[in-house]
Each structure stands twice: as C-alpha cells, then as structure tokens.
Amino acid sequence: MIALTRMRIAAFLRSGRALAPLIAGLVVLGLIYGGGSSAAAPAYGYSAVMLFPVLAWQTKLLLDAEPDVQRRLARLAVGAGHEASAGLLAAAILGVAYCAAAMLAPLPFHGIRDRLPGTAEPALATGVAVGVLAHLLALLAALALGALASRAVTGTIRNGLTVLVLGAVLAVVLGLGDSVAPWLAPPLMATARAATEVPLPDLGRFTLLTAWAAGWATAALAGYAVLRRRRA
Amino acid sequence: MRFDQVWFRYGRRAGWTLRAVDAVVPPGRTVVVLGRNGAGKSTLLQLAAGVLTPVRGTVRDRPPVVGWVPERFPADQPFTAGQYLQRMAALRGLRGPAEVERWLDRLKLTEHCGTRLADLSKGTAQKVGLAQALLVRPGLLVLDEPWEGLDSVARTLIPELVADVTAAGGAVLVSDHRGEIAGLPDAIRWQVTDGAVRPDDDAAPDHVVVEVAVRRSEADQTVTRLRADGHRVLGIRDPHADDTAGRAR
C-alpha cells in the first residue's frame, strides 16, 4: 500500500496537476489575509472553510490522475482494499502538507497577530491550535467529498464535477447558522463560528465538533468503500 | 478457475454483455477466447482477472497472483519505462532491480528503459504491459489481444511466455481476433457469441453455422426437429428480450 501511495503522489506531482489547486489556494489566502493582520483563531477558522473545496478538488485530482486501466492494474497488484486506501492516504499526506503551508504562508506577511492586550482573545498558541484543528476537520471532510467525486466512483468528468460542486456548496449552505439540517453537512461552518467566538468555547465544544466531523467523514468514506467494491 | 453462472452488464439500463457463463480454466492450460469485435471477449477476460465484478454469479478459485495485460497499455503516466516497472515491482512486493532488469532484457526493452511511457511506440508500450504482468510469476495470466502492435520478432515471444506460465502450472487466458492462435497449438478454444461462451469445437472445416429465424410459437418444435435430424443447436436468442436471450439449450 505504501508503494502505491508513493507512486500516486509521484504521478500527481510530476503530471503538474498539483498546480491548479495550489494557485486556487494562493487566491483564497490572498483574499483572507489581504486586508491586514488578524487574530489566529478566526483567521484560521475562515481559512479552513475556504480551503475545504480546494482540498476536495485536490483529492479528486489526485485520485483521477491515474488512467483507469492503471488503477485496475494497481488493484490487481495490491488488492481492492489497499488500492482504495492508498489513494486516500496519498490525498491525506498531500492535504496535510497543503494545510501546513496554508497556515504558515501568512506568517512572513504578518497576516496573523498576537492577542491584543486587555481583551479576552485567546493566546496565539491556543489560536494556532484551534486553527490546526479546523484545518484537519476540513481536510477530513474534503477527503471524503473528493473521494466520492472521483472518476472511479462517478464514471464521468461531468458527474464528478457535479458531486464536487454540489457537495462543497451544500457543506456551506447546510452549515449556516439557521440551517434546518446542519447535521447533514460536515461541521465546517460550526467550527469556524466557534473559532471566532471571544472568549473561545470550552474544550467540550471542540470535542463535539471533532466527533461530528469524524462521524460525517466515516459515513461518507463508508459510502466510498461500498461504491468502490464494484467499481474498479 | 471457474465461471459459475456469470452475468455481466455495464449499467442497469445496458443490455447483458455476457449471460450465464459457465466455464472452467484448467490449471496448466491455455484458453484462447475467440469472437468478433464487441462480442465480449475483453469483458470476459477482465472478469477472469478480477478487474470487473460479475453482476450475477461468481468467478471461483482465482489464483492469488494474477497478471493482466490490457488491450491498450495506459501510457499516459509521467514515468519512464524503467521507473514504471520498478514501481510496479514495488507494488508486487519485489525489492531491488533484479527482476525488472531480467524482464527488460528478455523483452528487449533495455534501450527504452529511460524513455517516457508516453513516448514509447505502441508495440514497445505493449511489451512494458507484458513485463508488468510477469514480474511475479502469475497463477493466472490474462492477455487481451497481446499481439496488437508487436512486430514479427516480438510476436514469437508470446507463445514462449505463455509456455513458461503453463509449464509452472499456471493458466493463461488470451483473446485473439487476428488468427494468431496458430502460435498456441495446444490451446483450448472458447467462442464468445451474443453474450454466450461455448467451446469452439464447431470449427471443423466441414461445418458451417446457419442462422435461422423462426416464429416464437414454433421455436421449441424447430429445435427438436433440428436435433432429431442430427444438427447441433448452438443457441437461441430473442432479439426483443435481451435478458433472456442467448442461452444454448
């Protein structure tokens, strides 16, 4: 599985497909941090929400980089379960690298500032920790959405893009404050709202958000696993 | 390996590509799958390899190591031939370059080792496809039109490779629509026609196949009469009912 993960990362990077989500991410970061410096927790909270569709797109691009026939050859070589898992692992590794770069990028430009004296804002370290959590939860949901939108599942580019765009829009719309079914979407917006609260909510709220994101991603990835059993 | 009442179609709305396939691939033997373009040969081979999953029925007793040479090698990958084979070897759990070098040498690919897959000729890419399938000796080797694009020298390699696998107790399934079967004289022949798979033992030179349309109400009576006259009924199909067609009685 590790050999296939490495092969897929190499194929994705060498093919130049990584460039498009990288440029999109730079645009997103420019929009977030272009207006001046901001406290870590709310800035990273918004960054996680806005990078969610980019991360899902990157996942889809990585899973689609390999020709269909090569995916089937890999399936024969390592088995169906390992083939599907290797793609997700490759996407997760690149996703973590992407999120780390997105969190570090504003630092040289003073996009993140320390706590203002005399306010109830969290300390910089706490804000960064909340930001890391927000990005990891967004990445988890993005992996699941990108996998469900991959060509191995959807069959065609049109269907794949429909799933990707619809999923990204619904994740935001269903996550709005007055949504009728917020539990249908991953807790991207809820995490971002929690990150903007001053003072920050207690640990219990973030634990609940983590469990929610894990449950949503587990359900979505279980759907991916079921679909991939028949779709090589 | 055994096909046990295998049915396959490419979508719920699509017609059946293969229907009620019952067949056995004996170990140590070569099976050549014959049939016109679009008959379902590639589908049958991919079901055998495990690349496709039957919609109904099962494929039993598939060996643990399966080598599959697809009809078209997926050359749209950012690797050289050597890098690709090394990575495929790693996928198969092989360490070191020895096995890759052995196959590069045997298939006369050494000079193309540093060539990007996308820049290879069709025949050379096909040989890379052969090499990846043989890196670990397969218990089942599935070759989908392996002669496509190969020059006359390389064509003679196929019977050699097939003989190596069968001599070690492996089975080989190979499709052929170009009459290359002469290179595999001991092979069992299967014919794929209208979604049905049957032994191609009607290839005797004094036999021909006559297709006859009869009234639905007279079908059973006609079949009985033809059999009574000593003819062999190869199949019955109903062009208006895809799902029930094609089963030989």
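Residues numbered from 1 in each chain as written. Chains lettered and ligands numbered in written order. Predicted model: local features only at pLDDT ≥ 70, side-chain atom pairs only at ≥ 80, totals over all residues. Heavy atoms only, no water.

## A closer look at the overall build of chain B
Check the secondary structure of chain B and you find seven helices and nine strands. Contacts in chain B between residues far apart in sequence, at least 24 positions, make up 69% of those at least 6 positions apart. Carbon and sulfur atoms make up 49% of the accessible area of chain B, which amounts to about 12,600 Å² in all. (Helix = DSSP H or I, 4+ residues; strand = E, 2+ residues; numbered from the N terminus. Contact = heavy atoms within 4.5 Å. Areas by Shrake-Rupley, 256 points an atom, 1.4 Å probe, with all protein chains shown as cover.)

## Description of the sheet that holds strand 3 (residues 30-34) of chain B
All names here are of chain B. Taken in spatial order, the six strands line up as 5-6-7-3-8-9 in an open sheet, and their pairing is mixed. Where the open sheet ends on each side, the last strands, each with one partner, are strand 5 (66-69) and strand 9 (196-199). Taking each pair of neighbouring strands and ignoring which way they run, the sheet shows an average axis angle of 20°. One ladder, built from four bridges, connects strand 6 (residues 140-143) with strand 7 (residues 171-176); its direction is parallel. (Pairing = 2+ DSSP bridges. Axes fitted to C-alpha atoms, helices over the stretch in contact; angles between N-to-C directions.)

## Brief notes about the pattern of salt bridges
Scanning all chains against the criterion turns up 15 salt bridges over all chains. Note that A:Glu121 and A:Arg113 form a salt bridge whose closest N and O atoms lie 3.0 Å from each other. On the basis of relative accessibility, which here comes to 13%, the residue A:Glu121 falls in the buried class. Judged by relative accessible area, A:Arg113 falls into the partly exposed class, the value being 23%. One salt bridge connects B:Arg106 with B:Glu160, and the closest N-O pair in it is separated by 3.9 Å. Within this pair, whereas B:Arg106 is found in helix 3 (residues 98-106), its partner B:Glu160 is found in helix 6 (residues 157-167), the two being separated by 54 residues in sequence. Here the salt bridges share partners, and the residues they tie into one network are A:Arg8, A:Glu66, A:Arg75, A:Glu83 and A:Arg228. (Salt bridge = Lys/Arg side-chain N within 4 Å of Asp/Glu carboxyl O. Buried < 20%, exposed > 50% of the residue type's maximum accessible area, 1.4 Å probe, protein only.)

## Comments concerning the confidence of the model for chain B
For chain B, mean pLDDT is 86; residues scoring 70 or higher make up 86% of the total. Long-range and interchain partners of residues 242-249 of chain B, a stretch whose pLDDT sits below 50, account for 23 contacts in this model, where long-range means more than four residues apart. (pLDDT = per-residue confidence, 0-100.)

## Looking at the environment of A:Leu161
All names here are of chain A. Structurally, Leu-161 can be placed in helix 8 (residues 157-173). Residue Leu-161 is classed as partly exposed on the basis of its relative accessible area of 40%. Counting along the chain gives 10 residues from Leu-161 to Arg-151, while the straight-line C-alpha distance between them is 9.5 Å.

## Section: the packing of helix 3 (residues 40-64) of chain A against helix 6 (residues 124-148) of chain A
Residues and elements named next belong to chain A. Across the interface, helix 3 lies against helix 6 with an axial gap of 7 Å and an inter-helix angle of 25°. For the element pair helix 3 / helix 6, the angle class is roughly parallel. In this structure, helix 3 crosses over helix 6, and the sense of that crossing is right-handed. (Parallel < 35°, antiparallel > 145°, perpendicular 65-115°, else oblique. Left-handed = near helix turned anticlockwise from the far one by under 90°.)

## A look at helix 6 of chain B
Residue and element names in this part refer to chain B. Within helix 6 the residues assigned to the buried category are Leu-157, Ile-158, Leu-161, Val-162, Val-165 and Thr-166. One side of helix 6 carries all its buried residues, which in axial view fall inside an arc of 160°. On its buried face, helix 6 sits against strand 3, helix 3, helix 4 (122-134), strand 6, helix 5 (152-155) and strand 7. Once helix 6 finishes, Gly-169 follows within two positions and takes phi at roughly 95°, a positive value. (Arc of directions from axis to C-beta.)

## A few points about the interface of chain A and chain B
Each partner contributes residues to the interface: chain A has 20 residues there, and chain B has 24 residues. If you look at where chain A meets chain B, you find zero salt bridges. Where the side of chain A that touches chain B is concerned, the elements lending two or more residues are helix 1 (2-15), helix 4 (68-78) and helix 10 (203-230) of chain A. Taken together, the residues of the side of chain A that touches chain B sort by class into 13 nonpolar, two polar and five charged. (Nonpolar A, V, L, I, M, F, W, Y, C, P; charged D, E, K, R; others polar.)

## Structural notes on unusual backbone geometry
For the bond running from A:Val198 to A:Pro199, omega is -5°, close enough to zero to count as cis. Structurally, the position occupied by A:Pro199 is in the loop between helix 9 (188-196) and helix 10. In this structure, B:Ala20 is a non-glycine residue whose phi angle is positive, near 45°. Position of B:Ala20 among the secondary structure elements: in strand 2 (residues 18-24). For B:Ala20, a relative accessible area of 16% gives the class buried. Unlike most non-glycine residues, B:Lys108 shows phi in positive territory, near 55°. Tracing the backbone shows B:Lys108 in the loop between helix 3 and helix 4.

## Regarding the nonpolar core
One finds B:Phe3, B:Leu44, B:Tyr84, B:Val128, B:Leu143, B:Leu173 and B:Trp190 to be the most contacted residues of the largest nonpolar core, which totals 77 residues. Those residues in contact with B:Leu143, other than ones at most four positions away along the chain, are B:Leu45, B:Val69, B:Leu130, B:Ile158, B:Val162, B:Val172, B:Leu173, B:Val174 and B:Ser175. (Core = buried A, V, L, I, M, F, W, Y, C linked by side-chain atoms within 4.5 Å.)

## Notes on the side chain of A:Asp64
All names here are of chain A. Here Asp-64 shows up in helix 3. On the basis of relative accessible area, Asp-64 is assigned to the buried category, the value being 14%. Apart from the residues lying within four places of it in its own chain, the contact partners of Asp-64 are Ser-150 and Arg-151.

## Remarks on the side chain of A:Glu66
Residue and element names in this part refer to chain A. Here Glu-66 is to be found in the loop between helix 3 and helix 4. Taking relative accessible area as the criterion, Glu-66 reaches 9% and is therefore assigned buried. At a separation of 2.8 Å, a polar atom in the side chain of Glu-66 contacts the side chain of Arg-8. Setting aside anything within four residues of it in sequence, one finds Glu-66 in contact with Leu-4, Arg-8, Arg-71, Ala-74 and Arg-151. (Polar contact = N/O pair within 3.5 Å; in protein donor to acceptor, adjacent residues only side chain to side chain.)

## Focus on the pairing of strand 1 (residues 2-8) of chain B
Side-chain positions along a regular strand alternate between the two faces of the sheet. Residues and elements named next belong to chain B. Relative to strand 2, strand 1 runs antiparallel, the two being bridged by four bridges. Within strand 2, the position partnered with Phe-8 by the bridge is Leu-18. Relative to strand 4 (residues 56-60), strand 1 runs antiparallel, the two sharing four bridges. Within the sheet, the bridge partner assigned to Arg-2 lies in strand 4 and is Arg-60.

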